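Coordinate analysis (summary)
Residue strings, one per chain:
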6 protein chains.
Amino acid sequence: MFSHVKELQYNAKPDRPDPVYAKKLQEILGGQFGEMSVMMQYLFQGWNCRADQKYKDMILDIGTEEIAHVEMIATMIAQLLDGAPAREQDEIVGQNPAVEAVLGGMNPQHVIVSGIGATPTDSVGYPWNSRYIISSGNLLADFRANLNAESQGRLQVCRLYESTTDPGVRDMLSFLIARDTMHQNQWMAAIEELEKNQKAVVPSTFPQHLENQQVNYSFMNFSQGEESAEGRWASGKTLDGQSEFDYIANPTAMGQVPKLQPAPAYIHGTVEPGQIIPGTEQANFEQNQQGNDLH
Amino acid sequence: MFSHVKELQYNAKPDRPDPVYAKKLQEILGGQFGEMSVMMQYLFQGWNCRADQKYKDMILDIGTEEIAHVEMIATMIAQLLDGAPAREQDEIVGQNPAVEAVLGGMNPQHVIVSGIGATPTDSVGYPWNSRYIISSGNLLADFRANLNAESQGRLQVCRLYESTTDPGVRDMLSFLIARDTMHQNQWMAAIEELEKNQKAVVPSTFPQHLENQQVNYSFMNFSQGEESAEGRWASGKTLDGQSEFDYIANPTAMGQVPKLQPAPAYIHGTVEPGQIIPGTEQANFEQNQQGNDLH
Amino acid sequence: MFSHVKELQYNAKPDRPDPVYAKKLQEILGGQFGEMSVMMQYLFQGWNCRADQKYKDMILDIGTEEIAHVEMIATMIAQLLDGAPAREQDEIVGQNPAVEAVLGGMNPQHVIVSGIGATPTDSVGYPWNSRYIISSGNLLADFRANLNAESQGRLQVCRLYESTTDPGVRDMLSFLIARDTMHQNQWMAAIEELEKNQKAVVPSTFPQHLENQQVNYSFMNFSQGEESAEGRWASGKTLDGQSEFDYIANPTAMGQVPKLQPAPAYIHGTVEPGQIIPGTEQANFEQNQQGNDLH
Amino acid sequence: MFSHVKELQYNAKPDRPDPVYAKKLQEILGGQFGEMSVMMQYLFQGWNCRADQKYKDMILDIGTEEIAHVEMIATMIAQLLDGAPAREQDEIVGQNPAVEAVLGGMNPQHVIVSGIGATPTDSVGYPWNSRYIISSGNLLADFRANLNAESQGRLQVCRLYESTTDPGVRDMLSFLIARDTMHQNQWMAAIEELEKNQKAVVPSTFPQHLENQQVNYSFMNFSQGEESAEGRWASGKTLDGQSEFDYIANPTAMGQVPKLQPAPAYIHGTVEPGQIIPGTEQANFEQNQQGNDLH
Amino acid sequence: MFSHVKELQYNAKPDRPDPVYAKKLQEILGGQFGEMSVMMQYLFQGWNCRADQKYKDMILDIGTEEIAHVEMIATMIAQLLDGAPAREQDEIVGQNPAVEAVLGGMNPQHVIVSGIGATPTDSVGYPWNSRYIISSGNLLADFRANLNAESQGRLQVCRLYESTTDPGVRDMLSFLIARDTMHQNQWMAAIEELEKNQKAVVPSTFPQHLENQQVNYSFMNFSQGEESAEGRWASGKTLDGQSEFDYIANPTAMGQVPKLQPAPAYIHGTVEPGQIIPGTEQANFEQNQQGNDLH
Amino acid sequence: MFSHVKELQYNAKPDRPDPVYAKKLQEILGGQFGEMSVMMQYLFQGWNCRADQKYKDMILDIGTEEIAHVEMIATMIAQLLDGAPAREQDEIVGQNPAVEAVLGGMNPQHVIVSGIGATPTDSVGYPWNSRYIISSGNLLADFRANLNAESQGRLQVCRLYESTTDPGVRDMLSFLIARDTMHQNQWMAAIEELEKNQKAVVPSTFPQHLENQQVNYSFMNFSQGEESAEGRWASGKTLDGQSEFDYIANPTAMGQVPKLQPAPAYIHGTVEPGQIIPGTEQANFEQNQQGNDLH
């Protein structure tokens, strides 16, 4: 169960309205790697957690914090939208380029749909959807998802920091960047803890002898040229400590030439001209016709 | 530019048709973490790559391999669909539970739409979409996305392996599981290489002094109870080597109580009864009325 | 800012696993009118609220409660999935219809993707998306959206109550049905309060004389037969108290026959054969050809 | 069955082209609460209607009218797009800000995809989808959905009216605003009629004693501070006439602390290091190994 | 403007309920090539039509007919859902496989969401969306889209015909199949008419000399083996009558090896370790530090 | 299996950056009829192909080529984005209209999300999804889909050609336009070949006598006025050579007036006031109450 305090986790006050920037800021609210994504990802991972309570607790702690981040950014966007122009008053389109530019750069739904409020969408107005998130039931897999989310997220916030000079906005972003620093560290720590006692490969419980033993540590070079041989992934000990990397310069096909059998008649696939397949309506009809002809 | 050879990378031949399993197998073809996702993710990362050529080459090598994986699974699904029942012949629904069960467990689009062919969708028939993938322009961020994708992917393939006893299907899955072992190792190796010369936090180029210095290494406990203090993330050196973890048992709000100003009149937000806002059509109208009354 | 307590708002314990029912229950978790929808709708309305603080507070109270409802249902689903079959052991498809039926009736992603955890999707596996919700900046409009959401929601929970006999599940649903009773009452009360001092038509601030005065209280019968004249909407005082309903048995068109002008050349629309439009590449080319011919 | 007359229901003629405004106007054509939504919502409610014929007739009458509204707005948009610039002729980007602003403010698909025609999308180009609409089989629930749709719709049209000064556009919007006035009144009237003979809570047929009797009329204050106690929803008779509102200042959790059991082995969830679960491939393998060792 | 008559265009009465088949039938109602698609595609093409009136009229005639097809199928589905089981009464899951099979094969939203009514979705419950349709402003292009839609549509209806033995359902499908025969003929006729006076390649108005003259009639064999040389597309006169097909057995790359320049600093892309880019916050900071050191 | 060569199929080098145009160019990369669509459509058709090998080979040849087209356009977009402005330096919004216009016209995700890289989306930022494509198992149906895709695609590329004057961009588009000329010819040739030996109506294998014989060659005029009688589709021999077109000026309804029966009680549909349905919880309750009263 949850409860709310009215103060924001951190200040969210722009120095001046900026409706064009409001549109951009939506990316870290309702985008693929925005705060709604980490909020919902952590909450679902926490609720589904079947492991030790310390994990469940930790995941829900950060999930609960992320609701507050969504709250901060939504509040910021609503204020950036103050003073958004609805139109040029009584002028022909294009005559006042400055106002036109703002109108062109805004998200029109910020006026028409949300009435200068934040929307649960990204910077192109695309709605948040839950296929952005994952809760797999395997914490090592999911913590890697979380580390990725915090990495993409911090990267985007940094780019947004560079895109404004408003001190109030930058103050809030500076807080979010700091929390993402912590959260990247947090998931790295949790990953280290899980990896310490099991193989690094997810899932560690699948019997290794059941996987194909010929190709599980080979880099395959599917292009002309071998620049890809220069990296750490092409030679040396594998990161799971089980083998050595192997570089295959010219990988060859190991499988069959696929040849599918014709579809049954009721599929009405591509058939040869005149071909009639037994047991179909067509065949029954032909048969009946012949029967009729016999009489 | 690309070219094609007719042989599959590895065998994809089921021992017997199984249209219900065909539906499940779609998950690793067109699902959130299916082969279409890694194929498109790697191709876009490769095409957008602005770093050293060895990275671009490596990423496109694996991207090109993944096209072959999509090909294998699509071929497998088409064969699993052979012999799919279209209906019970002339019987009342529910009379032949075995056939009904197969019909109920199949994806109906495998008959109606694709004519017993694979579809670019997941195991519930949801279409693949490109918001599943990321190419951010920052390779460390993206390699973490890739490691996550290969972890979720291998986990799902293992679950599908457990869900069938067909030797032909298991043979192909055994190959895919092995490649995912390699690919997890590959991304771990590439991550190690990138992290060696920079901070582990993405992006490493954002000036650290610009982030809020009070909260960038603190775990905040947003729940009653402190089980979350027991983990590696709550104390000790941070993983980026820059600080110590700090555990805040009772985090307090640092921000304002948000209070938004009323919307301008043209927004037609919630206004007080009888309130008339200057400059609006309503106000103009009232003013004109008064003017008229004066005459 | 938010905080979490570990207890659920109400018990969520099934008497026995039922993976087929788990799939159905997803509807009120991640469906169009599920708890994720009301949770996110209320939170965004609260964060965007520019009206009196009592509204903002009330909206966020209920939004915060709804997070707990999502938590309860997610927890319930995870437990209903315990014991989900991954496959029939070593048997041919269709041989054990009972197991097959369960497999056919389950959501395959409950095994493959979420590892017997709840997913943020509806009962057909379709992901939740934020176009389900509205925060318009006009509270009367939004409270009507909320009343609708609670009406559709309670209706769906009642249907799910009828679809199970599990006492534990029914106990939780009985709680949710009761809360929806309250929440319908709550929004009806808030609507009554807002309507008391303004016109019932949203938005009440648009000057009534600017709307077309001929059609604003007329029911138009766009079909053969006049059964539609029998309802309250066809005669008597209008509900906003401004006029009388008017029934137009045979509405006639009041507008023009639309006739669009041809598209400019660069659109490459449908043109007459041989037609060449001045200023186009084609025209320039023809002109140059003629010029060349002159020399 | 339907038929068409060539005249529009009302005039749809702009005084001048305005491709930037055409983009905005898309919101009420193909947006969440645009005319496509009400058109499809009413048609499906009508076709699915199992109640008295007067309801079916009335719903289909308004659904048929809404097709004409889509037609009017599509026609208007096509004309607003006349004269849309494809590019600046032979100039460097940014040199002619006025043209640039128009280009920036337009929807590029209005040129590239639809060839200066209307598209079935909203003002950010997001396609209309049928999860916007509801036909639940319970008319009281659905009429509340309809009242909401007409409230949000009229609000958006009013905002669009404020965003232009074109007399022709305003004339058409003035018609649509008037029809929405009628349609709000219509649904309010139909709701009043249905509520008169049953409880106001949807569905009225679920036995009231089966819902939890402790929480069905309580407002729960899930935040610090009690501003939310000031409203009509916190005290007095409930709107369904069955009880009194009850204000719970400090709601407490009534449920269990959730604790999920570990997942079965085939799920490959998070397991303790070294843990081997009986009946799994891993266990079988270990057992065989031991067996082999015995020999 | 449109009007409605209460009779269906053709009978839509099943002989018996069949909720599993109702799920399948949704494909031709709300699927990619269902009746909603052709209805909306034709209506938008008609409204956007800038060509001769006979085209606009013809397109709207068929668009209007398709609304009636949606109506028929929706009505059919609602009746097929009569008698849908909500649950087994008081029995353990899997005990009555026949009922379980029906439950497993049904779309759960047909009970929970639509209350045994048709839904605007396809056979896997995926909502219809308007990216299924096209109105390009070029009638030849669009008539090809229409011919495709009617081809895919008739194919799907035939497969559904094969999937049932219900005489009432088959009667309706027999009508729809016949109309699709007509509609395929209709679009072929309209295409023939348009192609007669212009080149067959869309758009015919783009100056042919501006397209690359080396590759516009060459088949390129991007695979090992030359089976693809055996078809009509590999030799002989091209279908637009402008040239001869040319078969390139080993196509070679004609373009550059792509090499992107590094991203500017504010992008925070992948940079070399220690590298500092002038003009960035980092560089400014370093510079200031040095400046401070000087004092 | 696939392999990669590092050279592009054709040059993709702009003369100068143009981030606004980069946004538009996305349409033919990730739009409904962009290169991702034809690439995935052809690959799936090839993998699912059950017809003669020459078809499978041909389809995969062109599918493989289309991957190279995606590569070219992605590379082009990345270069057009070089030099994209992140913000005006230290200026108030609207002061530098030229920069503002570029910012307004750009896709913000090109900076924030992809770091000046191409995205797998269309020109309004909407993600590519696999419901854009079709692989039906019937090649004649699918080749019509392909001809449509190449027609819409070439039309869009031509419009984009008109929207820029950059010689480098135009050079690449000139190549793509030429390939689309070939591909339209290719599909027309393949269609001609398939149609030669079977009826032109898809599918040709459905027994013609099973379709309704009264309406399969009739044009129905569902509007006032008969302009639609003037076309080739209204009279003369049908294109499948089986009949004559028939023009029905006033089509009449042939079906029933639909009348659905009331829903069962557990649906909680719209019921008459006071009505109690036997077998429901409500009825059981009433019965028990009466029983209790008897004692």
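Residues numbered from 1 in each chain as written. Chains lettered and ligands numbered in written order. Predicted model: local features only at pLDDT ≥ 70, side-chain atom pairs only at ≥ 80, totals over all residues. Heavy atoms only, no water.

1. Observations regarding the overall build of chain A
A tally of regular secondary structure across chain A gives 9 helices and 3 strands. Reading the helices (α) and strands (β) of chain A from amino to carboxyl end gives β-α-α-α-α-α-α-α-α-β-β-α. Across the 295 residues of chain A, 72% fall into the buried class. Look at the contacts in chain A between residues 6 or more apart in sequence, and 71% of them connect residues 24 or more apart. About 8,400 Å² of surface is accessible on chain A, with carbon and sulfur atoms providing 48% of the total. (Helix = DSSP H or I, 4+ residues; strand = E, 2+ residues; numbered from the N terminus. Buried < 20%, exposed > 50% of the residue type's maximum accessible area, 1.4 Å probe, protein only. Contact = heavy atoms within 4.5 Å. Areas by Shrake-Rupley, 256 points an atom, 1.4 Å probe, with all protein chains shown as cover.)

2. Observations regarding the interface of chain C and chain A
With 49 residues of chain C at the interface, the matching set in chain A holds 49 residues. Buried area between chain C and chain A, both sides added, is near 4,100 Å², and the carbon and sulfur share of it is 61%. Counting the contacts that link chain C with chain A gives 4 salt bridges. If you look at where chain C meets chain A, you find 25 residue pairs in polar contact (both at pLDDT 80 or more). Those elements that provide at least two residues to the side of chain C that touches chain A are strand 1 (2-4), helix 3 (35-48) and helix 4 (53-80) of chain C. If you tally residues by element for the side of chain C that touches chain A, the top one is helix 4 of chain C, at 10 residues. Pairing analysis gives 3 bridges linking strand 1 (residues 2-4) of chain A to strand 1 of chain C, with the strands arranged antiparallel. Of the residues in strand 1 of chain C, the one forming a bridge with His-4 of chain A is Phe-2 of chain C. (Buried area = accessible area lost by both parts, 1.4 Å probe. Salt bridge = Lys/Arg side-chain N within 4 Å of Asp/Glu carboxyl O. Polar contact = N/O pair within 3.5 Å; in protein donor to acceptor, adjacent residues only side chain to side chain. Pairing = 2+ DSSP bridges.)

3. As for the relation of the copies chain C and chain A
Overlaying chain C with chain A gives an RMSD of 0.0 Å, the required rotation being 180° about an axis along which the chain moves by 0.0 Å. Viewed as a symmetry operation, the transformation between the two copies matches a two-fold axis. If distances are taken from each C-alpha of chain C to the rotation axis, the shortest is found for Asn-129 of chain C, at 2.0 Å. The share of interface residues of chain C whose copies in chain A are also at the interface is 100%, consistent with both copies meeting through the same surface. (Least-squares fit on C-alpha atoms with pLDDT ≥ 70 in both.)

4. A look at unusual backbone geometry
Residue Pro-203 of chain C is bonded to the preceding Val-202 of chain C through a cis peptide linkage, with omega at -15°. Summarising the element assignment, Pro-203 of chain C is placed in the loop between helix 8 (167-196) and strand 2 (218-220). One non-glycine residue, His-268 of chain A, lies in the positive phi region at around 55°. Residue classification places His-268 of chain A among the buried residues on the basis of a relative accessible area of 3%. At Ile-116 of chain E, a position not held by glycine, the phi torsion is positive, near 55°. Of note, Ile-116 of chain E is situated in the loop between helix 6 (109-112) and helix 7 (139-162).

5. A short note on the relation of the copies chain B and chain A
Taken as rigid bodies, chain B and chain A are interconverted by a rotation of 180° and an axial shift of 0.0 Å, the fit giving an RMSD of 0.0 Å. Residue by residue, 100% of the interface of chain B is reproduced at the interface of chain A, so both copies engage with the same surface.

6. Digging into the packing of helix 3 (residues 35-48) of chain A against helix 4 of chain C
Packed helices, taken two at a time, are described by the angle between their axes plus the distance between the axes. One can describe the packing of helix 3 of chain A onto helix 4 of chain C by two numbers: an axis separation of 9 Å at closest approach and a directional angle of 45°. Here helix 3 of chain A is positioned oblique relative to helix 4 of chain C, judged by the angle of their axes. Regarding helix 3 of chain A and helix 4 of chain C, the two cross each other, and that crossing is right-handed. Between helix 3 of chain A, through Leu-43, Phe-44, Trp-47 and Asn-48 of chain A, and helix 4 of chain C, the contact on the second element is made entirely by Ile-67, Val-70, Glu-71, Ala-74 and Ala-78 of chain C. Grouping the constituent residues of the contact of helix 3 of chain A with helix 4 of chain C by class yields 7 nonpolar, 1 polar and 1 charged. (Axes fitted to C-alpha atoms, helices over the stretch in contact; angles between N-to-C directions. Parallel < 35°, antiparallel > 145°, perpendicular 65-115°, else oblique. Left-handed = near helix turned anticlockwise from the far one by under 90°. Nonpolar A, V, L, I, M, F, W, Y, C, P; charged D, E, K, R; others polar.)

7. Observations regarding the side chain of Asp-57 of chain E
Here Asp-57 of chain E is to be found in helix 4 (residues 53-80). Assessed through its relative accessible area of 3%, Asp-57 of chain E is described here as buried. A polar side-chain atom of Asp-57 of chain E sits 3.1 Å from a polar atom in the side chain of Lys-6 of chain D. Looking at Asp-57 of chain E, its side chain comes within polar contact range of the side chain of Ser-223 of chain F, at 3.0 Å.

8. What to know about the interface of chain B and chain A
Every contact between the two is made by 107 residues of chain B and, on the other side, 107 residues of chain A. Taking both sides of the interface into account, the surface hidden between chain B and chain A amounts to around 9,700 Å²; carbon and sulfur atoms contribute 60%. Considering only the side of chain B, the residues that lose the most area to chain A are Arg-131, Trp-233 and Gln-256 of chain B, jointly responsible for 8% of the buried surface there. Inspection of the chain B/chain A interface yields 6 salt bridges. Glu-192 of chain A serves as the salt-bridge partner of Arg-232 of chain B, at 3.2 Å between the closest nitrogen and oxygen. For the interface between chain B and chain A, the tally reads 70 residue pairs in polar contact (both at pLDDT 80 or more). Of all elements in the fold, only helix 4 (53-80), helix 7 (139-162), helix 8 (167-196) and strand 2 (218-220) of chain B reach the threshold of two or more residues within the side of chain B that touches chain A. Here the side of chain B that touches chain A takes 15 residues from helix 8 of chain B, the largest share from any one element. Across the side of chain B that touches chain A, the residue classes tally to 53 nonpolar, 31 polar and 23 charged.

9. Considering the packing of helix 7 (residues 139-162) of chain D against helix 8 (residues 167-196) of chain D
Residue and element names in this part refer to chain D. Interaxial distance between helix 7 and helix 8 falls to 9 Å at its minimum, and their mutual angle equals 160°. Considering the angle they form, helix 7 stands roughly antiparallel to helix 8. The chirality of how helix 7 crosses helix 8 is left-handed. Along the lines of polarity and charge, the residues of the contact of helix 7 with helix 8 split into 16 nonpolar, 6 polar and 7 charged.

10. Observations concerning the confidence of the model for chain A
Averaged over all residues, the pLDDT of chain A is 91; the fraction at 70 or higher stands at 87%. Segment residues 89-93 of chain A is flagged for pLDDT under 50; beyond a separation of four residues in sequence, or across chains, it makes 7 contacts in the model. (pLDDT = per-residue confidence, 0-100.)

11. Overview of the UniProt feature "binding site: Ca(2+)" (unreviewed entry) in chain A
Per the UniProt annotation, the sites labelled "binding site: Ca(2+)" (unreviewed entry) are Asp-57, Asp-61, Asn-221, Ser-223 and Gly-225 of chain A. Secondary-structure assignment places Asn-221 of chain A in the loop between strand 2 (218-220) and strand 3 (246-248). For Asn-221 of chain A, a relative accessible area of 4% translates into the label buried. The contacts of Asn-221 of chain A, once residues within four sequence positions are left out, are Glu-226, Ser-228, Tyr-247, Ile-248, Ala-249 and Pro-251 of chain A together with Asp-57 and Asp-61 of chain B. Taking the relative accessible area as the measure of exposure, Gly-225 of chain A reaches 38% and is therefore partly exposed. Other than its neighbours up to four places away in sequence, Gly-225 of chain A contacts Asp-57 of chain B together with Lys-6 of chain F. (UniProt positions renumbered as here; feature names shortened; annotations may be inferred.)

12. Here's the deal with the side chain of Thr-181 of chain D
In this fold, Thr-181 of chain D is placed in helix 8. Leave out the neighbours within four places in its chain, and Thr-181 of chain D touches Val-201, Glu-211, Asn-216, Tyr-217 and Asp-240 of chain C together with Arg-154 of chain D.

13. With respect to the packing of aromatic side chains
Per the counting criterion, the structure on display carries 63 aromatic pairs over all chains. Summarising the aromatic geometry, the rings of Tyr-126 of chain A and Tyr-126 of chain D are spaced 5.7 Å apart at their centres and angled 70° between planes, so their arrangement reads as edge-to-face. Here Tyr-126 of chain D lies in the loop between helix 6 (109-112) and helix 7 and Tyr-126 of chain A lies in the loop between helix 6 (109-112) and helix 7 (139-162), a pairing that spans two chains. A single burial state applies to Tyr-126 of chain A and to Tyr-126 of chain D, both of which are buried. Centre to centre, the rings of Tyr-55 of chain C and Trp-233 of chain D are 5.8 Å apart; their planes meet at 50°, and the pair counts as tilted. Taken together, the residues Tyr-55 of chain C in helix 4 and Trp-233 of chain D in the loop between strand 2 (218-220) and strand 3 (246-248) connect one chain to another. The same class applies to Tyr-55 of chain C as to Trp-233 of chain D, namely buried. Stacked on the ring of Tyr-126 of chain B, the Lys or Arg Arg-131 of chain A has its end atom at 4.3 Å from the ring centre. (Phe/Tyr/Trp six-rings, centres within 6.5 Å; stacked < 30°, edge-to-face > 60°. Lys NZ or Arg CZ within 6 Å of the ring centre and 35° of its normal.)

14. Quick look at the UniProt feature "binding site: Mn(2+) 1" (unreviewed entry) in chain A
Residues and elements named next belong to chain A. Under the feature "binding site: Mn(2+) 1" (unreviewed entry), the UniProt entry names Glu-35, His-69, Glu-150 and His-183. Separation in sequence by 149 residues is not matched in space for these annotated residues, since their most distant C-alpha atoms are only 13.1 Å apart. Position of His-69 relative to the elements: it lies in helix 4 (residues 53-80). Residue classification places His-69 among the buried residues on the basis of a relative accessible area of 0%.

15. Observations regarding the environment of Ser-135 of chain E
Along the chain, Ser-135 of chain E turns up in the loop between helix 6 and helix 7. Take Ser-135 of chain E: its relative accessible area is 10%, and that puts it in the buried class. Taking the C-alpha atoms as reference, Ser-135 of chain E lies 8.8 Å from Cys-49 of chain E; in sequence the two are 86 residues apart. Setting aside its immediate chain neighbours within four residues, Ser-135 of chain E contacts Val-113 and Ser-114 of chain D together with Phe-44, Gln-45, Asn-48 and Asp-142 of chain E. Here Asn-48 of chain E takes part through its side chain, which lies 3.1 Å from a polar atom of the side chain of Ser-135 of chain E.

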